Amino acid sequence: MAALGLRAFGTKGLCWLRRNPWAPLSAGFCSRGPGPRPTSARQREGIRNIVLSDPKKRNALSLAMLKSLQSDLLHEAESKDLKVIIISAEGPVFSSGHDLKELTDEQSPDYHAEVFQTCSEVMMLIQNHPVPVIAMVNGLATAAGCQLVASCDIAVASDKSSFATPGVNIGLFCSTPAVALGRTVPRKVALEMLFTGEPISAQEALLHGLLSKVVPEERLEEETMRIAKKIASLSRPVVSLGKATFYKQLPQDLRTAYYLTSQTMVDNVALRDGQEGIKAFIQKRKPIWSQCSGQFPQVSASPCHGLNSVPTNFLR
Amino acid sequence: MAALGLRAFGTKGLCWLRRNPWAPLSAGFCSRGPGPRPTSARQREGIRNIVLSDPKKRNALSLAMLKSLQSDLLHEAESKDLKVIIISAEGPVFSSGHDLKELTDEQSPDYHAEVFQTCSEVMMLIQNHPVPVIAMVNGLATAAGCQLVASCDIAVASDKSSFATPGVNIGLFCSTPAVALGRTVPRKVALEMLFTGEPISAQEALLHGLLSKVVPEERLEEETMRIAKKIASLSRPVVSLGKATFYKQLPQDLRTAYYLTSQTMVDNVALRDGQEGIKAFIQKRKPIWSQCSGQFPQVSASPCHGLNSVPTNFLR
Amino acid sequence: MAALGLRAFGTKGLCWLRRNPWAPLSAGFCSRGPGPRPTSARQREGIRNIVLSDPKKRNALSLAMLKSLQSDLLHEAESKDLKVIIISAEGPVFSSGHDLKELTDEQSPDYHAEVFQTCSEVMMLIQNHPVPVIAMVNGLATAAGCQLVASCDIAVASDKSSFATPGVNIGLFCSTPAVALGRTVPRKVALEMLFTGEPISAQEALLHGLLSKVVPEERLEEETMRIAKKIASLSRPVVSLGKATFYKQLPQDLRTAYYLTSQTMVDNVALRDGQEGIKAFIQKRKPIWSQCSGQFPQVSASPCHGLNSVPTNFLR
């Protein structure tokens with residue numbers, strides 16, 4: 001059974017812009033097409049590591065890279081064995097953004113549309129994914145590469161990292177990266193980055209909300225794994241319900257947001273893991289989380305949860 | 001006559017979720033039920049101090065605590081003698097959030113719903129209250145305790161304070177606290193707090209917008225009182241109109257926001273205290289504010305103010 | 001042909017509040033009415049400098065000052081020779097906000113309405129203007145003066161600058177400045193400024209997102225000109241398309257925002273300057289931007305761009 005957020009990526013979700021639906025790589029997680037896959041992925045103890053693995057091309061988000069990343073994110077996303085995802089990169093550049101060779105007029109506008117549409121789908125997939133996604137950045141992230149960092153739930157970077165949206169320098173304003181950037185940093189910071197193309201340091205990125213944490217390079221993996229292991233030790237149904245509800249309530253007015261989340265709290269208390277956690281706390285023992293994937297909360301599938309059906313009298 | 005925001009807390013406002021309307025403590029401000037009240041309140045020179053007074057239970061926001069706090073906020077809210085409210089706490093913990101003993105399956109889902117609904121009402125009441133509400137924090141504020149800080153208009157904390165949303169550790173994701181937190185700090189900061197449950201320091205909370213000011217512990221009361229006295233020296237009708245308008249315009253598009261606030265400015269200029277203040281400034285003397293509570297601005301009661309009736313041609 | 005954003009300032013846009021439409025100064029850019037104009041403007045190499053030039057009145061935003069500023073912003077806004085605008089001020093005060101002598105009851109409510117409406121129009125014009133607008137601040141900016149800084153796309157200030165919304169001190173809550181301030185800094189910072197009227201330093205303003213950059217006074221002009229020259233070296237059609245799209249997508253939900261911006265990216269790639277920039281980058285040479293003003297992107301005029309017509313199936 002597919003997790004909540006993933007339902008949004010059905011056939012219809014894929015038909016926007018000017019092209020036909022594109023089906024996710026049916027080949028699945030570890031398969032390879034012709035030539036090496038531009039990402040690699042491995043999973044252990046609930047933590048999936050997805051690595052952008054095309055350092056020669058500065059990990060450009062080519063269409064092949066985007067589809068490979070999408071496939072790695074979607075692979076068994078609903079499995080109870082998956083608790084958290086880390087996205088990192090090989091080499092000194094986290095990602096340089098789109099592959100400009102795919103954006104010349106040697107390709108059709110439909111092809112260009114496919115590139116931007118697939119990129120947007122991947123960014124929305126991260127937010128709609130049932131488990132937290134952490135960006136681990138060690139180096140330069142520019143344009144759609146900066147967008148990828150801004151789109152993750154959590155972002156940890158080394159102090160030598162930097163971030164820019166330099167598309168304007170080559171006549172291609174970073175309008176899609178601006179969606180993620182503009183929802184992460186103050187607008188004056190976003191606009192100076194977008195209008196000048198100049199990079200900001202990791203410390204500035206932290207100051208302005210683009211990053212969750214900055215650490216020395218030698219501690220980057222340790223700190224990221226510490227956060228990932230912490231999340232992997234928690235109840236997946238509880239974390240998934242919390243993540244989905246967070247993004248659901250954020251754009252709502254205060255009253256609707258409290259209506260939605262108060263319902264979620266009641267539902268969360270009623271979950272097996274909710275009761276187990278509370279009892280373990282009161283009894284001063286460690287909780288034993290459910291490992292049953294059937295426990296995964298059906299936030300909007302069940303009418304009794306009602307996240308999609310605010311009664312009209314509430315809204316008056 | 002009830003103030004603007006409070007009208008939202010009529011019978012209907014209280015019927016959401018799965019329970020019957022709950023009536024505010026009719027006992028009023030200084031009365032006691034069986035056992036000591038979990039909050040105490042006193043008022044002097046326009047400044048009301050509400051203190052969470054159950055340090056043995058780490059000032060847990062039990063249903064009794066929430067109702068007592070609600071009662072202290074609502075008590076004569078429309079009185080001209082009330083200018084500003086400070087919420088503080090006894091003991092080393094500002095508040096540890098909900099009382100978990102009220103959330104086990106020994107209580108019914110309806111009871112759980114009452115807990116979360118009452119909590120949400122209190123948080124919205126702070127924003128809808130006609131006078132500014134300041135949190136004065138000296139210690140740890142977690143879960144709904146952190147939500148309470150985030151919900152106040154202004155928050156001053158000692159440098160030894162810290163803030164966390166650790167519900168995920170006990171299988172109960174802080175989804176209602178996330179409503180206030182997600183509107184106060186950048187989303188990457190909010191999500192790391194929510195997913196890991198780890199605390200942030202007062203300095204980090206200041207950096208990210210959860211606090212207005214951080215001071216050494218020995219200066220906490222002095223600094224908070226300085227702000228409160230400043231507000232108490234101002235015109236209540238003007239401050240109330242400004243607060244209500246601020247929250248009203250914030251979620252609107254820019255054009256609607258300027259329409260609403262330009263109207264408010266014209267109305268504000270026409271208030272007795274508006275003219276008195278401007279004249280006093282021009283004449284280089286101290287203004288003498290109206291103390292007439294009938295002067296309180298009827299923001300949405302009067303059709304001529306029109307905050308609720310943007311003409312359709314304006315919105316085109 | 002008028003640029004995108006300016007269409008919003010037609011006759012209808014000007015009729016809100018209680019007065020008749022006001023026509024922009026037909027006298028144009030360099031003309032003078034009776035007495036000296038309260039702003040001065042000059043343009044060189046694509047950079048227009050508009051200077052608030054009434055230091056004796058602390059550059060108060062009188063109706064005359066607002067109309068002069070509006071005229072300088074609107075003057076040949078669609079010309080390909082204009083790339084970026086800098087707003088600065090003569091004297092130690094950037095601007096002290098409205099002229100209080102225009103707000104006494106010696107003037108009619110209709111006159112007060114004209115003041116606030118014109119001020120709101122100027123602030124929205126900055127955001128809707130086809131080129132970036134930079135505030136260069138060296139001194140105190142209060143009330144509507146602080147609003148002006150908050151309304152610019154980029155704001156650079158000297159370290160001796162400070163910012164306040166002190167209207168509450170004179171019984172006139174800064175409700176219109178709060179529109180810009182509340183969209184720029186965290187709400188707790190905004191509310192403390194609004195409720196107490198106390199100033200924040202340039203460093204605090206930077207920390208909280210009101211400024212893009214703070215530099216020593218002696219470097220203010222150099223740094224601002226560096227940013228302006230950078231923007232002036234870029235493609236105007238690309239920058240204009242990017243600015244308009246940024247503000248258009250910001251209030252949308254994520255899916256709509258990505259739909260809008262993915263379309264913009266495809267359109268941007270198809271622009272002459274888009275292809276020129278990408279090819280120049282691949283060929284490792286400097287791009288040669290189009291200087292043809294007919295190239296200016298017709299974001300919403302052309303149905304094929306469709307920024308205003310999200311297909312219904314996309315939104316499901």
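The model shown is predicted, which means the values in this text are computed figures rather than measured ones.

Caption draft 1: Spatial organisation of the overall build of chain A. Across its full length, chain A holds 11 helices and 10 strands. Restricting the contact set of chain A to residue pairs at least 6 apart, pairs at least 24 apart contribute 71%. Carbon and sulfur atoms provide 53% of the accessible area of chain A, an area that totals close to 11600 Å².

Caption draft 2: Expanded view of the interface of chain C and chain A. Between chain C and chain A, the contact holds 61 residues from the first and 48 residues from the second. Buried area between chain C and chain A, both sides added, is near 4700 Å², and the carbon and sulfur share of it is 65%. Looking at the side of chain C facing chain A, the largest losses of area belong to C:Arg255, C:Tyr258 and C:Met265, adding up to 16% of the total buried there. Taken together, the links from chain C to chain A amount to 3 salt bridges.

Caption draft 3: View of the relation of the copies chain C and chain A. Placing chain C over chain A gives an RMSD of 0.0 Å and needs a rotation angle of 120°, together with 0.0 Å of translation along the axis. These values place the two chain copies in the arrangement generated by a three-fold rotation axis. The position closest to the rotation axis in chain C is occupied by the C-alpha of C:Leu207, lying 4.2 Å away. Comparing contact sets, just 7% of the residues at the interface of chain C also lie at the interface in chain A, consistent with a heterologous contact between different surfaces.

Caption draft 4: Highlighting the sheet that holds strand 5 (residues 133–137) of chain A. All names here are of chain A. Pairing is mixed across the open sheet formed by 6 strands, whose spatial order is 1-2-3-5-7-10. Pairing within the sheet leaves two strands with one partner each, and these edge strands are strand 1 (39–44) and strand 10 (213–215). Strand-to-strand twist of the sheet, defined as the mean angle between neighbouring strand axes without regard to direction, takes the value 20°. Bridge count between strand 1 and strand 2 (residues 47–52): 6 bridges; the pairing is antiparallel. If you follow Arg42 over to strand 2, its bridge partner there is Asn49. Against the sheet, helix 1 (residues 63–74) engages strand 1, strand 2 and strand 3 (84–89), with an angle of about 175° to strand 2.

Caption draft 5: Here's a closer look at the confidence of the model for chain A. Residue and element names in this part refer to chain A. When pLDDT is averaged along chain A, the result is 85; 81% of the residues meet or exceed 70. Counting contacts from residues 292–316, a segment whose pLDDT is below 50, to residues more than four positions away or on other chains yields 46 contacts. For this predicted complex, the interface score ipTM comes out at 0.84, while the overall pTM is 0.86.

Caption draft 6: Region of interest: the interface of chain B and chain C. Residue-level contacts link 61 residues of chain B with 47 residues of chain C. A combined buried area of about 4700 Å² lies between chain B and chain C, and 65% of that area is made up of carbon and sulfur atoms. By the criterion of area lost to chain C, the three top residues of chain B are B:Arg255, B:Tyr258 and B:Met265, representing 16% of everything that side buries. Linking chain B with chain C are 3 salt bridges, by the criterion used here. Salt-bridge contacts for B:Arg226 lead to C:Glu198; the nearest nitrogen and oxygen are separated by 2.8 Å. There are 18 residue pairs in polar contact (both at pLDDT 80 or more) connecting chain B and chain C. At the level of secondary structure, the elements contributing two or more residues to the side of chain B that touches chain C comprise helix 3 (144–151), strand 7 (154–158), helix 6 (202–208), helix 7 (220–232), helix 8 (236–249), helix 9 (254–270) and helix 10 (272–282) of chain B.

Caption draft 7: Spotlight on the sheet that holds strand 9 (residues 200–201) of chain B. Residues and elements named next belong to chain B. Pairing within the open sheet is mixed, and its 4 strands lie in the order 4-6-8-9. In this open sheet, the two strands that pair with only one neighbour each are strand 4 (93–95) and strand 9. Examined bridge by bridge, strand 8 (residues 162–164) and strand 9 share 2 bridges and lie antiparallel to one another. Following the sheet pairing, Phe163 is matched in strand 9 by Ile200. Strands strand 4, strand 6 (140–142) and strand 8 of the sheet are contacted by helix 3, whose axis makes an angle of about 100° with strand 6.

Caption draft 8: Focus on the pairing of strand 2 (residues 47–52) of chain B. Residue and element names in this part refer to chain B. In terms of burial, strand 2 is a largely internal element, 6 of the 6 residues being buried. Side chains Ile47, Asn49 and Val51 project from strand 2 onto one buried face, and the interleaved Arg48, Ile50 and Leu52 project onto a second face that is buried too. From the end of strand 1 (residues 39–44) to the start of strand 2, which pair antiparallel, there are 2 residues, and Glu45 there has a positive phi angle of about 50°. Pairing analysis gives 6 bridges linking strand 2 to strand 3 (residues 84–89), with the strands arranged parallel. Bridged to Arg48 within strand 3 is Ile85. With helix 1 (residues 63–74) bridging strand 2 and the parallel strand 3, this β-α-β connection has right-handed handedness.

Caption draft 9: Looking closely at the packing of helix 8 of chain B against helix 4 (residues 175–182) of chain C. Two elements in contact, helix 8 of chain B and helix 4 of chain C, have axes separated by 10 Å at closest approach and are oriented at 40°. Relative to helix 4 of chain C, the element helix 8 of chain B is oriented oblique. For helix 8 of chain B against helix 4 of chain C, the interelement crossing comes out right-handed. Packed against helix 8 of chain B, whose contacting residues are B:Gly242, B:Thr245, B:Phe246 and B:Gln249, the element helix 4 of chain C presents C:Ser175, C:Ala178, C:Val179 and C:Gly182 at the interface. Counted by class, the contact of helix 8 of chain B with helix 4 of chain C contains 3 nonpolar, 5 polar and no charged residues.

Caption draft 10: Looking closely at the pattern of salt bridges. The full count for this structure, using the stated rule, is 39 salt bridges over all chains. A salt bridge links A:Asp81 to A:Lys80, with the nearest nitrogen and oxygen atoms 3.5 Å apart. Its relative accessible area of 44% is what places A:Asp81 among the partly exposed residues. Note that C:Glu223 and C:Arg226 form a salt bridge whose closest N and O atoms lie 2.9 Å from each other. One end of the pair, C:Glu223, and the other, C:Arg226, are both in helix 7 (residues 220–232), 3 residues apart, so they sit about a helical turn from each other. We classify C:Arg226 as partly exposed; its relative accessible area is 35%. In this structure, a network of salt bridges that share partners links the residues A:Glu192, A:Glu198, C:Lys213, C:Arg219, C:Glu223 and C:Arg226.

Caption draft 11: Spotlight on the environment of A:Leu234. Mapping A:Leu234 onto the fold places it in the loop between helix 7 (220–232) and helix 8 (236–249). Relative accessible area serves as the criterion here: at 3%, A:Leu234 is assigned to the buried category. Those residues in contact with A:Leu234 that sit more than four places away from it in its chain are A:Lys83, A:Val239, A:Trp289, B:Val168, B:Asn169 and B:Phe195.

Caption draft 12: Highlighting the packing of aromatic side chains. All names here are of chain B. Summed over all chains, the structure comprises 6 aromatic pairs over all chains. When the ring of Phe173 is compared with that of Phe195, the centres are 5.9 Å apart and the planes differ by 65°; the resulting orientation is edge-to-face. Placement of the pair is Phe173 in the loop between strand 8 and helix 4 (175–182) and Phe195 in helix 5 (residues 187–196), with a sequence separation of 22 residues. For the pair shown, Phe173 and Phe195 are each scored as buried.

Caption draft 13: Geometry of helix 5 of chain B. Residues and elements named next belong to chain B. Burial within helix 5 is extensive, with 10 of its 10 residues counted as buried. Along helix 5, the residues that are buried comprise Arg187, Lys188, Val189, Ala190, Leu191, Glu192, Met193, Leu194, Phe195 and Thr196. Gly197 occupies a position one or two residues after helix 5 and carries a positive phi of about 75°.

Caption draft 14: Seen up close, helix 3 (residues 144–151) of chain A. Counting buried positions along helix 3 of chain A yields 8 of 8 residues, so the element is predominantly enclosed. Listed in full, the buried residues belonging to helix 3 of chain A are A:Ala144, A:Gly145, A:Cys146, A:Gln147, A:Leu148, A:Val149, A:Ala150 and A:Ser151.

Rules behind the numbers
- Residues numbered from 1 in each chain as written.
- Chains lettered and ligands numbered in written order.
- Predicted model: local features only at pLDDT ≥ 70, side-chain atom pairs only at ≥ 80, totals over all residues.
- Heavy atoms only, no water.
- Helix = DSSP H or I, 4+ residues; strand = E, 2+ residues; numbered from the N terminus.
- Contact = heavy atoms within 4.5 Å.
- Areas by Shrake-Rupley, 256 points an atom, 1.4 Å probe, with all protein chains shown as cover.
- Buried area = accessible area lost by both parts, 1.4 Å probe.
- Salt bridge = Lys/Arg side-chain N within 4 Å of Asp/Glu carboxyl O.
- Least-squares fit on C-alpha atoms with pLDDT ≥ 70 in both.
- Pairing = 2+ DSSP bridges.
- Axes fitted to C-alpha atoms, helices over the stretch in contact; angles between N-to-C directions.
- pLDDT = per-residue confidence, 0-100.
- Polar contact = N/O pair within 3.5 Å; in protein donor to acceptor, adjacent residues only side chain to side chain.
- Buried < 20%, exposed > 50% of the residue type's maximum accessible area, 1.4 Å probe, protein only.
- Right-handed = clockwise from strand over helix to strand, strands pointing away.
- Parallel < 35°, antiparallel > 145°, perpendicular 65-115°, else oblique.
- Left-handed = near helix turned anticlockwise from the far one by under 90°.
- Nonpolar A, V, L, I, M, F, W, Y, C, P; charged D, E, K, R; others polar.
- Phe/Tyr/Trp six-rings, centres within 6.5 Å; stacked < 30°, edge-to-face > 60°.

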